[in-house]
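# Breakdown of the fold
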Amino acid sequence: MTKFLTIIGAAVCLSLAAPAAAQERGAVRHDFDATQVQGDARILVFRPRIKVGEQSTGGSFEPRADWTELARDNLGSAIESYQQQFGSRLIEAPEAFGADARLVEDYMTLFGTVSESIINYQFFVGNRLETKKADNRNDVFDWTLGPGVADLPGAQDADYALFINTEDHYGSTGRKVLQVFAAMGGVSVTSGLHAGYAALVELKTGNIVWVNADRQMGGDVREIDGAQRRVEQLFDDFPLVAPVTASE
């Protein structure tokens, strides 16, 4: 019983420290005009980074290979189907080995870190970075992965790169029980995490010209319908979707 109360106490501290839900989910770089590149853009598509697992009673992540494989198949099919709406030429990133593979992995990790920073310091009004405050007042979105993205394999044949990260933690039975007991004590404890990040990056500069980032996305990626819902949310307001023409 003492151990269980200790876990609840830890959960109380975490809930008090956690920020409220994001006020925004997507943004477009202030100086990016999609109409100038629509139809001519070449987009290098990297294999999404997908992590799926269980959230333990204490909140730690325990990866599940079977769930991750299901999500990879479901999301892959949903993304491939959705990309048919893009008004651009899609280029599949070449399979990378050795140093190239490490470079891709490094940039996928950097993308995840920058996405978290965008959520924390651009989308949350109370957490604005000092260096971003003036920009935020002027509705300026200015984030970058750096010019080194031009060295990624396949970058020489494209104008933009598409990065996608998803991470899902499904609450274990113990976590859900903790949530119930915590609620009885007036404490809010979350069960599960469903984060999704997608971005279009200009390969010449490394600038993020569009991003969609949220820690509370919908859709159970282990299910076909859920993966389709997640992809629709990931590409909400994607700037290079082909315009719909009126039928005659």
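Residues numbered from 1 in each chain as written. Predicted model: local features only at pLDDT ≥ 70, side-chain atom pairs only at ≥ 80, totals over all residues. Heavy atoms only, no water.

### Brief notes about the nonpolar core
To be explicit about the condition: Residues belong to one nonpolar core when they are buried, are Ala, Val, Leu, Ile, Met, Phe, Trp, Tyr or Cys, and are joined through side-chain atoms within 4.5 Å. Relative accessibility under 20% of the residue-type maximum defines a buried residue, over 50% an exposed one, and the middle range a partly exposed one, all with a 1.4 Å probe and only protein chains included. Elements are defined by DSSP. Helices are runs of H or I of four residues or more, strands are runs of E of two residues or more, and each kind is numbered from the N terminus.
With 31 residues, the main nonpolar core has I43, Y160, L162, L200, F235, F238 and L240 as its most contacted residues. Those elements that provide at least two residues to this core are strand 2 (42-45), strand 3 (49-55), helix 2 (65-82), strand 6 (160-171), strand 7 (193-202), strand 8 (208-214) and helix 6 (224-234). In terms of residue count, helix 2 provides more of this core than any other element does, six residues in total. Of all hydrophobic cores here, the second largest spans 30 residues; its members include V114, W143, V149 and A161.

### Structural notes on the pattern of salt bridges
As a working rule, side chains carrying opposite charge can pair if their charged atoms are close by. Keep this limit in mind: The salt bridge criterion pairs a side-chain nitrogen of Lys or Arg with a carboxyl oxygen of Asp or Glu, the two atoms within 4 Å.
Following the criterion strictly, the structure yields 11 salt bridges and no others. D214 is the partner of R25 in a salt bridge, and the nearest nitrogen-oxygen pair spans 3.8 Å. Of the two residues, R25 sits in the loop between helix 1 (2-17) and strand 1 (26-28) while D214 sits in strand 8, which places them 189 residues apart along the sequence. Take R25: its relative accessible area is 25%, and that puts it in the partly exposed class. One salt bridge connects D31 with R29, and the closest N-O pair in it is separated by 2.7 Å. One salt-bridge network, in which partners are shared between bridges, spans R25, D214 and D236.

### Regarding the confidence of the model for the protein chain
We count it as follows: Per-residue confidence from the prediction method is given by pLDDT, with values spanning 0 to 100. Here, two residues are considered to be in contact whenever any of their heavy atoms come within 4.5 Å of each other.
The predicted model of the protein chain has a mean per-residue pLDDT of 80, with 73% of residues at 70 or higher. Segment residues 1-23 is flagged for pLDDT under 50; beyond a separation of four residues in sequence, or across chains, it makes 21 contacts in the model.

### Points about the side chain of T68
Here T68 is to be found in helix 2. T68 gets classed as buried once you look at its relative accessible area, which sits at 15%. The residues touching T68, leaving out its near neighbours within four places in the chain, are I50, K51 and V52.

### Describing the packing of aromatic side chains
Which entries qualify depends on this criterion: Note on aromatic pairs: the rings of Phe, Tyr and Trp (six-membered ring only in Trp) are paired at centre separations within 6.5 Å, and the planes decide the class, stacked below 30 degrees, edge-to-face beyond 60, tilted for the rest. Whether a charge lies above a ring is judged from NZ of Lys or CZ of Arg, which has to be within 6 Å of the ring centre and within 35 degrees of the ring normal.
Summed over the entire model, instances satisfying the criterion amount to 11 aromatic pairs. Arranged with centres 6.1 Å apart and planes meeting at 75 degrees, the rings of F32 and Y160 form a pair that is edge-to-face. Here F32 is found in the loop between strand 1 and strand 2, whereas its partner Y160 is found in strand 6, with 128 residues between them in sequence. Aromatic rings pair up to connect Y82, F86, W210, F235 and F238 into one cluster. Here R222 stacks its cationic end above the ring of Y170, 3.6 Å away from the centre of that ring.

### A closer look at the side chain of N207
Take N207: it is sitting in the loop between strand 7 and strand 8. A relative accessible area of 16% means that N207 is categorised as buried. When near neighbours in sequence (up to four residues on either side) are disregarded, N207 contacts R29, W143, T144, L200, V201 and E202.

### Points about helix 2
As a reminder of what qualifies: For a helix, the expected span equals 1.5 Å multiplied by the residue count minus one. The directions considered for the arc run from the helix axis to the C-beta atoms.
The end-to-end C-alpha separation of helix 2 is 25 Å, in line with the 26 Å expected for 18 residues at 1.5 Å each. Buried residues of helix 2: W67, T68, A71, N74, L75, A78, I79 and Y82, and no others. In a view along the axis of helix 2, the buried residues occupy a sector of 140 degrees, so they form one face of it. In helix 2, the exposed positions that point more than 90 degrees away from the buried face belong to A65 and E80. Tucked inside the fold, the buried residues of helix 2 contact strand 3, strand 6 and helix 6.

### So, the environment of E69
Topologically, E69 is positioned in helix 2. C-alpha separation for the pair E69 and V52, spaced 17 residues apart in sequence, amounts to 8.7 Å.

### Some details on the packing of helix 2 against helix 6
For the record, the criterion: Note on geometry: axes are C-alpha line fits, over the in-contact stretch for helices, and angles between N-to-C directions span 0 to 180 degrees. Convention used here: angles under 35 degrees read as roughly parallel, angles over 145 as roughly antiparallel, angles from 65 to 115 as roughly perpendicular, and any remaining angle as oblique. Left-handed describes a crossing in which the near helix is turned anticlockwise from the far one by less than a right angle; the clockwise case is right-handed. Amino acids outside the nonpolar list (Ala, Val, Leu, Ile, Met, Phe, Trp, Tyr, Cys, Pro) and the charged list (Asp, Glu, Lys, Arg) are all regarded as polar, and Gly is one of them.
In contact at an axis separation of 8 Å, helix 2 and helix 6 are set at 50 degrees when each is read in the N-to-C sense. It follows that helix 2 is oblique to helix 6 by the angle criterion. Seen along the crossing, helix 2 lies across helix 6 with a hand that is right-handed. Counting all contacts with helix 2, which are made through N74, L75, A78, I79 and Y82, the residues of helix 6 involved are I224, A227, Q228, R230, V231 and E232. When the residues that make up the contact of helix 2 with helix 6 are grouped by side-chain class, the tally is seven nonpolar, two polar and two charged.

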